[in-house]
Amino acid sequence: MTTKRKILSLGLILVLVGAAYVGAKVIPDLKGGPATRGKDTLYIWYTDEALTDYLTNMSASYYEEHGVPILPVLKDGLEYTETIYRASISEDADAEPAPDLFITTNDNLEKAYLSGIADVIANDVGTVSDRNYPKTALDAVTYKGKTVAYPFYYETSAFLYNKTFMDESGQKVPGNLEELLAFAADYDPPETVETIFSWDVSDIFYNYYFSGNYMIVGGDTGDDPTQLDIDNKNTRACLEMYQQLNQFFSIDTKEVDYDSVVRDFIDGKIVMTVATSDVIGKLEAAKADGSFAYEYATAAMPDITTELKGRSLSVTDAIVVNGFSEKTDKANDFANYLSYSKAQELYDITGKLPSRSGLTYANPAVKGFESEYAKSISMPKLLGSGNFWVQLEICFSKIWNGQEVTPLLKELAKSMQAQL
């Protein structure tokens with residue numbers, strides 16, 4: 001890292017550094033590889049315990065192949081970026097070693113880059129390109145035109161439906177919400193079905209699809225405060241269709257949440273819903289224990305109407321090379337090893353969906369999420385956009401419950417213009 005960047009980073013300490021030190025859990029067993037702290041050891045920090053087995057195994061295999069010891073460190077997610085920054089600038093020889101690389105969601109990349117703990121990746125072998133990753137993944141790790149992380153895995157929402165019921169109906173999966181309403185009006189469901197279409201309408205992650213194609217916050221790379229377009233005719237039309245769905249399906253936000261929707265889907269009470277990729281594991285477990293007696297399938301989310309498109313929200317977890325590390329060459333190589341070379345193993349061990357394209361999945365349900373991710377919009381990186389999600393969720397709730405769309409969007413647009 002250049003002296004100029006370090007000075008800029010130190011200047012941001014007042015903005016970025018919060019409260020107390022966050023504890024860590026060191027994973028000591030590398031299945032035969034060394035777990036001792038040494039000058040050649042690469043430290044990788046992460047916050048999701050579901051990655052532990054994967055990182056432990058990949059650290060061991062990387063050591064066997066390259067002779068470089070890797071030590072994964074599980075950290076609390078609270079003040080995660082700030083903790084990395086403090087560890088990186090610490091001059092205390094007895095302090096915990098700072099990470100040489102770390103895993104974080106793409107919306108943290110502006111903060112990480114401005115504080116100096118994220119730097120432009122080496123990409124020496126050119127794997128981080130449109131040959132291997134969808135544009136969504138590349139946009140997610142781009143900040144001000146620079147690639148500042150390796151795309152690792154993603155989460156987004158897709159259209160989940162009971163394939164058994166759909167096949168019995170003799171109708172095709174709706175291509176837009178107008179077709180879905182027409183299907184619901186004509187469908188004669190089995191006795192178990194209580195509603196045709198239901199989802200967690202209280203969660204903005206599942207709702208964002210209704211506005212995502214026309215509500216612009218930071219642009220495709222989510223880092224340009226001049227790209228802000230919240231209140232426009234297309235967004236208004238999409239949210240009016242969203243409101244119309246409540247008039248037809250009457251979903252009570254106080255009684256329905258994601259877990260209850262999944263349970264109802266498993267019980268055959270729902271024909272179609274909106275789900276995140278964790279649902280695959282839940283459905284496969286339910287099939288295994290006999291509690292789910294149907295076939296299921298996924299697809300990209302339907303359009304809003306024949307003219308209006310939907311676009312889901314996605315979050316990409318990325319591997320960042322710490323700009324303060326003195327072992328950036330090795331850190332870049334290991335980051336590429338995890339995100340590209342061992343992407344298939346990531347899915348096989350954790351069930352998480354790798355950002356890398358062209359992998360093989362035994363379960364065809366993954367394809368619906370892949371399709372939706374490819375056209376999704378990433379969480380913005382803009383530091384000033386954090387409050388946007390709270391305000392947007394409130395806005396959606398009011399629209400769902402019957403308040404007029406236009407004044408609510410105008411109010412939201414005015415608030416965001418003042419923040420960015």
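A brief look at the structure comes next. The shown structure was predicted, so the numbers you read here are calculated from the model rather than taken from an experiment. (Residues numbered from 1 in each chain as written. Predicted model: local features only at pLDDT ≥ 70, side-chain atom pairs only at ≥ 80, totals over all residues. Heavy atoms only, no water.)

**Thoughts on the overall build of the chain**
Per the secondary structure count, the chain includes 17 helices and 15 strands. The C-alpha atoms of the chain give a radius of gyration of 23 Å, which matches the 22 Å a tight globule of 420 residues would have. In terms of overall dimensions, the chain has a C-alpha envelope of 70 × 50 × 40 Å along the principal axes. Burial statistics for the chain: of 420 residues in total, 54% are counted as buried. Considering only intrachain contacts with a sequence separation of at least 6, the fraction spanning at least 24 residues in the chain is 82%. Here the chain has roughly 17,900 Å² of accessible surface; of this, 49% comes from carbon and sulfur atoms. (Helix = DSSP H or I, 4+ residues; strand = E, 2+ residues; numbered from the N terminus. Rg over C-alpha atoms; globule rule 2.2 N^0.38 Å. Buried < 20%, exposed > 50% of the residue type's maximum accessible area, 1.4 Å probe, protein only. Contact = heavy atoms within 4.5 Å. Areas by Shrake-Rupley, 256 points an atom, 1.4 Å probe, with all protein chains shown as cover.)

**Focus: the environment of Phe292**
Tracing the backbone through its elements, the reader meets Phe292 in the loop between α12 (278–288) and β12 (296–299). As a C-alpha pair, Phe292 and Tyr133 span 159 residues in sequence and 34 Å in three-dimensional space. Those residues in contact with Phe292, other than ones at most four positions away along the chain, are Phe265, Ile266, Leu283, Ala286 and Lys287.

**A closer look at the side chain of Asn336**
With respect to the helices, strands and loops of the structure, Asn336 is situated in helix α13 (residues 328–341). Classification of Asn336 as buried rests on a relative accessible area of 11%. Those residues in contact with Asn336, other than ones at most four positions away along the chain, are Val125, Thr127, Tyr150 and Ser341.

**Quick notes on the nonpolar core**
Core analysis: the biggest nonpolar cluster contains 112 residues, and Trp199, Phe210, Met272 and Phe388 have the highest contact counts within it. Excluding residues that lie within four positions of it along the chain, Phe388 makes contacts with Tyr208, Met215, Val217, Ile230, Leu412 and Met416. Listed in part, the 21 residues of the second largest apolar core include Tyr80, Leu109, Ile117 and Ala149. (Core = buried A, V, L, I, M, F, W, Y, C linked by side-chain atoms within 4.5 Å.)

**Regarding the pattern of salt bridges**
Going through the model one piece at a time under the given rule, you end up with 17 salt bridges. Linking Lys352 and Asp48 is a salt bridge whose minimum nitrogen-to-oxygen distance equals 2.8 Å. Of this pair, Lys352 sits in the loop between α14 (343–350) and β14 (353–354) while Asp48 sits in the loop between β2 (42–46) and α3 (52–66), and the two are 304 residues apart along the sequence. Residue classification places Lys352 among the buried positions, given a relative accessible area of 18%. Accessibility expressed as a relative area gives 26% for Asp48, which makes it partly exposed. Taken together, the salt bridges that share partners define one network made up of Lys135, Asp139, Asp220 and Arg311. (Salt bridge = Lys/Arg side-chain N within 4 Å of Asp/Glu carboxyl O.)

**Describing unusual backbone geometry**
At Glu79, a residue that is not glycine, the phi angle is positive and equals roughly 55 degrees. Among the secondary structure elements, Glu79 is positioned in the loop between β3 (70–75) and α4 (80–89). Glu79 sits in the partly exposed class, given a relative accessible area of 25%.

**Description of the environment of Phe334**
Here Phe334 is to be found in helix α13. Given a relative accessible area of 0%, Phe334 falls into the buried group. Residues within four places of Phe334 in sequence aside, it is in contact with Leu42, Ile44, Met58, Ser59, Tyr62, Ile70 and Leu101.

**A short note on the packing of aromatic side chains**
The full count for this structure, using the stated rule, is 31 aromatic pairs. Summarising the aromatic geometry, the rings of Tyr54 and Phe152 are spaced 6.0 Å apart at their centres and angled 45 degrees between planes, so their arrangement reads as tilted. Of this pair, Tyr54 sits in helix α3 while Phe152 sits in strand β7 (residues 150–162), and the two are 98 residues apart along the sequence. Relative accessible area serves as the criterion here: at 0%, Tyr54 is assigned to the buried category. Members of the aromatic cluster, joined through ring pairs, are Phe159, Tyr161, Phe197, Trp199, Tyr209, Phe210, Tyr242, Phe248, Phe249, Phe396 and Trp400. Stacked on the ring of Tyr340, the Lys or Arg Arg356 has its end atom at 3.9 Å from the ring centre. (Phe/Tyr/Trp six-rings, centres within 6.5 Å; stacked < 30°, edge-to-face > 60°. Lys NZ or Arg CZ within 6 Å of the ring centre and 35° of its normal.)

**Concerning the state of the cysteines**
A complete count under the given rule lists zero disulfides for this structure. Cys238 takes part in no disulfide bond, and the closest cysteine sulfur to it belongs to Cys395, at a distance of 13 Å. (Disulfide = S-S within 2.5 Å.)

**Focus: α14**
Within the span of α14, buried status applies to Ala343, Leu346 and Tyr347. The buried residues of α14 occupy an angular sector of 90 degrees when projected down its axis, which confines them to one face. On its buried face, α14 is in contact with α3, β7, α13, β14 and α15 (366–375). Phi turns positive one or two residues past the end of α14, at Gly351, with a value near 80 degrees. (Arc of directions from axis to C-beta.)

**Some remarks on helix α11 (residues 258–266)**
For α11, the set of buried residues is Tyr258, Ser260, Val261, Val262, Phe265 and Ile266. Where α11 is buried, its residues meet β7, α9 (204–207), β11 (270–276), α12 and β12. One side-chain oxygen of the residue at the start of α11 lies 3.3 Å from the amide nitrogen of Asp259, identifying that residue as Asp257. Once α11 ends, the next one or two residues include Gly268, with phi positive near 75 degrees. (Polar contact = N/O pair within 3.5 Å; in protein donor to acceptor, adjacent residues only side chain to side chain.)

**Things to note about the environment of Thr52**
The topology assignment puts Thr52 in helix α3. Considered as a pair, Thr52 and Ala112 are 60 residues apart in the sequence and their alpha carbons are 23 Å apart.

**Remarks on the packing of helix α10 (residues 233–249) against helix α17 (residues 405–419)**
Interhelical geometry of α10 versus α17 gives an angle of 125 degrees and a closest axis separation of 10 Å. The angle between α10 and α17 places the two elements in the oblique class. Taken as a pair, α10 and α17 cross one another with a handedness that is right-handed. Facing α10, whose interface residues are Thr235, Arg236, Leu239 and Glu240, α17 presents Val405, Thr406 and Leu409. A breakdown of the residues in the contact of α10 with α17 according to their chemical character gives three nonpolar, two polar and two charged. (Axes fitted to C-alpha atoms, helices over the stretch in contact; angles between N-to-C directions. Parallel < 35°, antiparallel > 145°, perpendicular 65-115°, else oblique. Left-handed = near helix turned anticlockwise from the far one by under 90°. Nonpolar A, V, L, I, M, F, W, Y, C, P; charged D, E, K, R; others polar.)

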